[in-house]
Amino acid sequence: MARRGSAYRFTVPRRILPPPSDDGDTKSKLSLLSESGPGSLPISFVPWGVIVARRRVAASAQARDGFANLALAIVLGAMFMVNLSVTAITVAVPRIAADFGASESTIVWAVTGPILVTAVLAPTFGKLGDQWGHRTVFLAGLVVNAIFTVLIAAAQSDVAFLAFRLLAAVGGAAIGPSALAFINRLFVPRERATALGWWSFVGAGSPVIGVVVGGYIIDEVGWRWVFVTQAPLVFLAAMVAALVLPQTSKQPDATFDLPGAVSLGLGIGSLLLAVTLAASDPLSIIVFGTFALAVGSLFLFARIERTSLNPLIPPHYWRLPGFIIPTVTLALMFAAYMGSFVLAPLMLQSVAFGFTAAATSRVIIARPLLFSLTGPITGRLAQRLGERFLAIFGGLAIVVSMLMLSRSAPELSLWFTAAALGLAGVGMGAAAPVLTASVANSVADEDLGVAGAAQQMLQQVGLVLGVQALLAIQGATQGDALDGVDNAGSSAVSAEALGTAVNSYRFAFVGAAVLALFGVVSALALPRRATTQSELELSRVG
């Protein structure tokens, strides 16, 4: 692939992106259709003329200069449409709870539930994409997400709302690994960090727009219209993707590792559920039971993978520095980053600080905004500075950000807190694209889907562990100092109690800095260069 200005041009055929033959040979397809007699299941549910037209559009698009950039824009556009409602749900929790007559703690599962779904199902969908083709899985995920987004808008009870939200998240879980696999196949290793910088731009930028646009829709029309607006956009993204995106290479002879998928999903799901439940009652029997189930399931998963002919996640990758080190590094940084994302607005709106929700929103938007702007820039710098340098720089920026937040006080300007949050956005924008590219550059092409999904899974684990750990530190330090006091009654609170509340957040942010510092230490062990295919073969033998 040669580069011409900012466009990319294919000069040689690519094995990882074969010609669009996913619709089959014309003669064989027509032959199969003719053999479908009365009462038999039709081979194709789509008119043949539509299939031929799609193939012509795809072939024309793939023959043009800059097809890689076009496909990247389509993939990222689809991700953008799917992610729009994530922050809108967070803002709308009180109103949704009031409409259904449910508690806010129940509706919050619409925010945390999809995290669990993604962590549990991402490796499965990544592997299915590697075997069936990522175009198939990507399109299926978009359609499923769009259908259940419509049903969310029409939900008549909190149970239906949560069920449809989780089912929509199943579609979202299929989209993430395939989107990463497309990007990693479209661009050669030295260009992946740049493309993944734009991936970070969309991933961080969509929540910003979700807050701004979603908040306006919720205030002016109602929360249901967030989903009414989103559903047709996702359907449109699916149609465009179906027309243009090529099929990736497949593994038609490989069997799917169902025991491995079930044991891993059960283990990760139980672990995250145990951590979430432990926040309210850490010594309950349910917490101990789910944690024991997680340990047993993950142990079983490890045994299954050692003997499976087609393992869900090839075991030798866990011994490959280019895979395991960036995966662990990103999980640690994400734990600090997302933990502070939850903690910062709680701090600003607490009795000790007393800021309004509107003021808090204007402050915390600095973080995803700078994340999205930094990603494309650092993606291009990766070719000059190297992945390890940018990962260490990003981790140190997060450490400094957390330490700045630990010095936040009610008498300080909001600009100080905004600057601290913005610095965390810069740090993650610098680290995330290069760490993700490092994983992709270290695995075989046929495993790009499941490798990216494994990284996303551990990223979600880090998110949940970080959030719960920091909230536990803050809650344990604050104790009962503010029991029975609401945010409007700060004048009646003693100076000692307010000081305890402020210190509780300080201790929690210091804990976040320690998590990020562990990420920096891990980044120091990153390889100076991507692992070669010969090293991959040696790791398999070893």
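This structure is a prediction, so every number in the text was calculated from the model and none was measured. (Residues numbered from 1 in each chain as written. Predicted model: local features only at pLDDT ≥ 70, side-chain atom pairs only at ≥ 80, totals over all residues. Heavy atoms only, no water.)

A.B. asks: Quick rundown of the overall build of the protein? Include the residues and the values.
C.D. replies: The helix and strand tally for the protein stands at 20 helices and two strands. Burial statistics for the protein: of 542 residues in total, 52% are counted as buried. Counting contacts in the protein only where the partners sit at least 6 residues apart, residues at least 24 apart contribute 82% of the total. Total accessible area on the protein stands at roughly 23,400 Å², and carbon and sulfur atoms take up 68% of it. (Helix = DSSP H or I, 4+ residues; strand = E, 2+ residues; numbered from the N terminus. Buried < 20%, exposed > 50% of the residue type's maximum accessible area, 1.4 Å probe, protein only. Contact = heavy atoms within 4.5 Å. Areas by Shrake-Rupley, 256 points an atom, 1.4 Å probe, with all protein chains shown as cover.)

A.B. asks: Before we move on, can you summarise a nonpolar patch on the surface with the specific residues and values?
C.D. replies: On the surface, Val-143, Ile-147, Val-150, Leu-151 and Phe-235 cluster together into a nonpolar patch covering about 360 Å² of accessible area. Looking at where Val-150 falls in the secondary structure, it is placed in helix α7 (residues 134-154). (Patch = residues over 30% accessible without salt bridge, like charges linked within 9 Å, V, L, I, M, F, W, Y side chains within 5 Å. Salt bridge = Lys/Arg side-chain N within 4 Å of Asp/Glu carboxyl O.)

A.B. asks: I'd like to hear about the packing of aromatic side chains, residue by residue, with values.
C.D. replies: Per the counting criterion, the structure on display carries 10 aromatic pairs. Ring geometry for Tyr-317 against Phe-323: centres 5.8 Å apart, planes inclined by 35°, an arrangement best described as tilted. In this structure Tyr-317 comes out as buried when scored by relative accessible area, which is 1%. By the ring-pair criterion, three or more aromatic residues cluster together here, those being Phe-100, Phe-161, Trp-223 and Phe-227. (Phe/Tyr/Trp six-rings, centres within 6.5 Å; stacked < 30°, edge-to-face > 60°.)

A.B. asks: Describe helix α3 (residues 67-83), and please don't skip the residues or the numbers.
C.D. replies: With 17 residues, α3 should reach 24 Å at 1.5 Å per residue; the first-to-last C-alpha distance of 24 Å fits that figure. Those residues of α3 lying buried are Phe-67, Ala-68, Ala-71, Leu-72, Ile-74, Val-75, Leu-76, Ala-78, Met-79 and Val-82. (Expected span 1.5 Å × (residues − 1).)

A.B. asks: Break down the packing of helix α6 (residues 109-132) against helix α18 (residues 448-478) for me, with residues and values.
C.D. replies: At a minimum axis distance of 7 Å, the contact between α6 and α18 shows a crossing angle of 170°. Classified by the angle between their axes, α6 and α18 sit roughly antiparallel to one another. Counting all contacts with α6, which are made through Ile-115, Thr-118, Ala-119, Ala-122, Pro-123, Gly-126, Lys-127 and Asp-130, the residues of α18 involved are Leu-448, Gly-449, Val-450, Ala-453, Met-457, Gln-460, Leu-463 and Val-464. For the contact of α6 with α18, the class distribution of residues is 10 nonpolar, four polar and two charged. (Axes fitted to C-alpha atoms, helices over the stretch in contact; angles between N-to-C directions. Parallel < 35°, antiparallel > 145°, perpendicular 65-115°, else oblique. Nonpolar A, V, L, I, M, F, W, Y, C, P; charged D, E, K, R; others polar.)

A.B. asks: Can you lay out the packing of helix α13 (residues 321-348) against helix α16 (residues 387-406) for me, pointing to particular residues and giving the numbers?
C.D. replies: Where α13 contacts α16, the two axes come as close as 11 Å, and the packing angle between them is 35°. Relative to α16, α13 is oriented so that their crossing is left-handed. Together, Met-333, Ala-336 and Ser-340 of α13 and Ala-391, Gly-395, Ile-398, Met-402 and Leu-405 of α16 make up the contact between the two elements. Classifying every residue of the contact of α13 with α16 by side-chain character gives six nonpolar, two polar and no charged. (Left-handed = near helix turned anticlockwise from the far one by under 90°.)

A.B. asks: So what's going on with the side chain of Thr-149? Residues and values would help.
C.D. replies: Looking at where Thr-149 falls in the secondary structure, it is placed in helix α7. Judged by its relative accessible area of 3%, Thr-149 is buried. A distance of 2.6 Å separates the side chain of Thr-149 from the backbone oxygen of Asn-145, its partner in a polar contact. When neighbours within four sequence positions are excluded, Thr-149 is seen to be in contact with Ala-168, Phe-227, Gln-230 and Ala-231. (Polar contact = N/O pair within 3.5 Å; in protein donor to acceptor, adjacent residues only side chain to side chain.)

A.B. asks: So, helix α12 (residues 285-307): which residues are in play, and what are the values?
C.D. replies: Taking 1.5 Å per residue, 23 residues should reach 33 Å; α12 reaches 34 Å between its end C-alpha atoms and fits that length. Taken together, the buried positions of α12 are occupied by Val-287, Thr-290, Ala-294, Ser-297, Phe-301, Ile-304 and Glu-305. Looking at the buried residues of α12, the elements they touch are α11 (258-278).

A.B. asks: Let's hear about the environment of Ser-297: which residues, and what values?
C.D. replies: Counting through the fold element by element, Ser-297 comes out in helix α12. In the structure, Ser-297 is positioned 30 residues away from Gly-267 in sequence and 4.7 Å away in space, judged by C-alpha atoms. Sequence-distant contacts of Ser-297, defined by excluding residues within four places in its chain, comprise Ser-263, Leu-266 and Gly-267.

A.B. asks: Mind laying out the side chain of Arg-135, listing which residues take part and the relevant values?
C.D. replies: Position of Arg-135 relative to the elements: it lies in helix α7. Judged by relative accessible area, Arg-135 falls into the buried class, the value being 8%. One polar contact links the side chain of Arg-135 to the main-chain carbonyl oxygen of Leu-245, over a distance of 3.0 Å.

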